[in-house]
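The lines below spell out each chain.
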Amino acid sequence: MTPNHQATPVSQGFSQTPQERLPMLSGDAMSAAQRAVADALLAGPRKAVMGPFIPLLRSPELMDRVGKVGEYLRFDSVLETRIRELAMCLVARHVSNQFEWLMHAPLALKAGVAQSCLDAIAAGQYPQTTVADEAAAVALVTELLQHHGVCDASYAAALDQFGEQGVVELTTLVGYFAMVCWVMNVARTPTQAPTGFDALQAFPA
């Protein structure tokens, strides 16, 4: 991650002409149901209609329900913020989603995740950490993304660190963020790179 001096537009995906497929609707183009869920999002902790909620506006009831699940997982989960942000970064890299990476990598760093850990994730490497709860989270999230389940040792380590509720919420967090990343990947929802953070590179480099 190399510093840049201002936020720059970042397309979703790695094609030469990744045109946004489902852009933000104007107020005049919204139905009453779409305006209602957009207003609810503005009044909630997110304070904006952005990221996955731009394409999800096409299905306002789904958007409302997805938003409530995500609101709990992001803001009210029993998991510590540092662990939630680390997990989100792992998911964003796994599915190569620019929006979630550029939103949550700075938040992970602010919450205490080491820069070297984030650099490894961005490069597609297994992040090495000596912090016990981070190591347990990385093992569970990585195995879940790669193998759709976890071994007994990884489960036991996560259970020891987070308890049963925490394991369930961490597992659900992975699924939730993979889902919203896929929505944006299909919609090609663009974002901006904040100062100090580069967009993800395509695999293989």
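Scroll up to find the structure.
Residues numbered from 1 in each chain as written. Predicted model: local features only at pLDDT ≥ 70, side-chain atom pairs only at ≥ 80, totals over all residues. Heavy atoms only, no water.

**Some details on unusual backbone geometry**
Notably, Lys 47 is not glycine yet its phi reads approximately 65°, a positive angle. Tracing the chain through its elements places Lys 47 in the loop between helix H1 (32-43) and helix H2 (53-56). Since its relative accessible area comes to 55%, Lys 47 is described here as exposed. The phi torsion at His 148 lies on the positive side, around 65°, for a residue other than glycine. Within the secondary structure layout, His 148 lies in the loop between helix H7 (132-147) and helix H8 (152-187). (Helix = DSSP H or I, 4+ residues; strand = E, 2+ residues; numbered from the N terminus. Buried < 20%, exposed > 50% of the residue type's maximum accessible area, 1.4 Å probe, protein only.)

**Digging into the pattern of salt bridges**
Taken as a whole and judged by the stated rule, the model has five salt bridges. The salt bridge partner of Arg 82 is Asp 133, with a shortest N-O separation of 2.7 Å. Taken as a pair, Arg 82 in helix H4 (residues 81-94) and Asp 133 in helix H7 lie far apart in primary sequence, 51 residues in all. Taken as a pair, Arg 82 and Asp 133 share a single burial class, namely buried. Three or more residues joined by partner-sharing salt bridges are found here, namely Glu 80, Arg 82, Asp 133 and Glu 134. (Salt bridge = Lys/Arg side-chain N within 4 Å of Asp/Glu carboxyl O.)

**A closer look at the packing of aromatic side chains**
Tallied over the entire structure, the rule returns one aromatic pair. An angle of 80° between the planes, with centres 5.1 Å apart, marks the rings of Tyr 176 and Phe 177 as edge-to-face. Exposure remark for Tyr 176: the relative accessible area of 6% places this residue in the buried category. Seen from the ring of Phe 203, Arg 93 lies directly overhead, with NZ or CZ sitting 3.8 Å from the centre. (Phe/Tyr/Trp six-rings, centres within 6.5 Å; stacked < 30°, edge-to-face > 60°. Lys NZ or Arg CZ within 6 Å of the ring centre and 35° of its normal.)

**Details of the nonpolar core**
Core analysis: the biggest nonpolar cluster contains 51 residues, and Leu 57, Trp 101, Val 141, Phe 162 and Leu 170 have the highest contact counts within it. Among the elements of the structure, H1, H2, helix H3 (60-76), H4, helix H5 (98-111), helix H6 (115-122), H7 and H8 are those that each provide at least two residues to this core. It is H8 that contributes the most residues to this core, ten residues altogether. Not counting the four nearest positions on each side in its chain, Leu 57 is found in contact with Met 24, Leu 25, Met 30, Gln 34, Val 37, Ala 38, Val 49 and Met 63. (Core = buried A, V, L, I, M, F, W, Y, C linked by side-chain atoms within 4.5 Å. Contact = heavy atoms within 4.5 Å.)

**Notes on the packing of H5 against H6**
Contact pair H5 / H6: the axes reach a minimum separation of 9 Å and the direction vectors enclose 155°. Overall, the two elements H5 and H6 adopt an arrangement that is roughly antiparallel. Considering only the axes of H5 and H6, their crossing is right-handed. Only Gln 115, Leu 118, Ile 121 and Ala 122 of H6 make contact with H5, whose side of the interface consists of Trp 101, Ala 105, Ala 108 and Leu 109. In the contact of H5 with H6, the residues fall into seven nonpolar, one polar and no charged. (Axes fitted to C-alpha atoms, helices over the stretch in contact; angles between N-to-C directions. Parallel < 35°, antiparallel > 145°, perpendicular 65-115°, else oblique. Left-handed = near helix turned anticlockwise from the far one by under 90°. Nonpolar A, V, L, I, M, F, W, Y, C, P; charged D, E, K, R; others polar.)

**Observations regarding the packing of H7 against H8**
Packing of H7 against H8 leaves a shortest axis separation of 10 Å and a crossing angle of 55°. Classed by the angle they form, the pair H7 and H8 counts as oblique. Our pair here, H7 against H8, has a crossing hand that is right-handed. For the pair formed by H7 and H8, the contact residues are Ala 132, Asp 133, Ala 136, Ala 137, Ala 139, Leu 140, Val 141, Glu 143, Leu 144 and Leu 145 on the first element and Ser 154, Ala 157, Ala 158, Gln 161, Phe 162, Val 167, Leu 170, Thr 171 and Val 174 on the second. Tallied by class, the residues present in the contact of H7 with H8 amount to 14 nonpolar, three polar and two charged.

**Description of the side chain of Glu 85**
Note that Glu 85 resides in helix H4. No salt bridge is formed by the buried Glu 85; the nearest opposite charge belongs to Arg 74, separated by 4.6 Å. Engagement of the side chain of Glu 85 in a polar contact is seen with the side chain of His 104, the distance being 2.6 Å. (Lys, Arg positive; Asp, Glu negative; His and termini not counted. Polar contact = N/O pair within 3.5 Å; in protein donor to acceptor, adjacent residues only side chain to side chain.)

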